[in-house]
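Chain and residue survey
These are the residues of each chain, in order.
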Amino acid sequence: MAKGYWVSVYPAVSDPEILTAYNELAGPAVRAGGGRVLSRGGRVVAHEAGITQRVVLVEFDSHEQAVAAYESEAYRKALVALPDGFQRDFRIVEGVD
């Protein structure tokens, strides 16, 4: 079975502290949904039209599990905590077997 991944790219983060409330709710929600954070805001080397700001990669045992975690009540509460006007490019993608 192919794994599922959450891929989040934040085009600009002027103040990382504004993500605190979201992170406090999102971390437990991701773990409860079976997710494992593989990368969170580490070094990025961008090529072509890439963005060097914060990138987060979360792995799940399946694509379906990744979708279910996003749709969970716990993660919905985390989404409410994202600051107004905050931008991110979020995707759920299926891995390769």
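Residues numbered from 1 in each chain as written. Predicted model: local features only at pLDDT ≥ 70, side-chain atom pairs only at ≥ 80, totals over all residues. Heavy atoms only, no water.

Time to look at the overall build of the chain. What the chain contains, in helices and strands, is 3 helices and 4 strands. Helices and strands in the chain line up, N terminus first, as β-α-β-β-α-α-β. Whereas a compact globule of 97 residues would reach a radius of gyration of roughly 13 Å, the chain reaches 13 Å, a difference of no more than 12%. Expressed along its principal axes, the backbone C-alpha trace of the chain runs to roughly 35 × 35 × 20 Å. Burial status across the chain gives 30% buried among its 97 residues. (Helix = DSSP H or I, 4+ residues; strand = E, 2+ residues; numbered from the N terminus. Rg over C-alpha atoms; globule rule 2.2 N^0.38 Å. Buried < 20%, exposed > 50% of the residue type's maximum accessible area, 1.4 Å probe, protein only.)

According to the stated counting rule, one finds 8 aromatic pairs in the structure shown. Aromatic pair Tyr-22 and Tyr-75: ring centres 6.2 Å apart, planes at 80 degrees, arrangement edge-to-face. Of this pair, Tyr-22 sits in helix H1 (residues 20–32) while Tyr-75 sits in helix H3 (residues 73–80), and the two are 53 residues apart along the sequence. Since its relative accessible area comes to 0%, Tyr-75 is described here as buried. (Phe/Tyr/Trp six-rings, centres within 6.5 Å; stacked < 30°, edge-to-face > 60°.)

With that settled, the discussion passes to the environment of Glu-94. Take Glu-94: it is sitting in strand S4 (residues 89–94). Along the backbone, Glu-94 and Ala-69 are 25 residues apart, and their C-alpha atoms lie at a distance of 14 Å. Residues contacting Glu-94, with those up to four places away along its chain left out, are Ala-2, Lys-3 and His-63. (Contact = heavy atoms within 4.5 Å.)

Another aspect to go through is the side chain of Ser-62. Tracing the backbone shows Ser-62 in the loop between strand S3 (55–60) and helix H2 (63–71). Since its relative accessible area comes to 8%, Ser-62 is described here as buried. One polar contact links the side chain of Ser-62 to the main-chain amide nitrogen of Gln-65, over a distance of 3.0 Å. Once residues within four sequence positions are removed from consideration, Ser-62 is found in contact with Met-1, Ala-2, Lys-3 and Gly-4. (Polar contact = N/O pair within 3.5 Å; in protein donor to acceptor, adjacent residues only side chain to side chain.)

Confidence in the prediction for the chain averages 90 pLDDT; 100% of positions are at 70 or higher. At the low end of the mean pLDDT range in the chain sits H1, at 93; at the high end sits H2, at 98. (pLDDT = per-residue confidence, 0-100.)

Closest axis-to-axis distance for the H1/H3 pair is 8 Å, and the angle between their directions is 165 degrees. The pairing of H1 with H3 is recorded here as roughly antiparallel in orientation. The element H1 and its partner H3 pack so that their crossing is left-handed. Together, Tyr-22, Leu-25, Ala-26 and Ala-29 of H1 and Ala-74, Tyr-75, Lys-77, Ala-78 and Leu-79 of H3 make up the contact between the two elements. Residues that form the contact of H1 with H3 fall into these classes: 8 nonpolar, no polar and 1 charged. (Axes fitted to C-alpha atoms, helices over the stretch in contact; angles between N-to-C directions. Parallel < 35°, antiparallel > 145°, perpendicular 65-115°, else oblique. Left-handed = near helix turned anticlockwise from the far one by under 90°. Nonpolar A, V, L, I, M, F, W, Y, C, P; charged D, E, K, R; others polar.)

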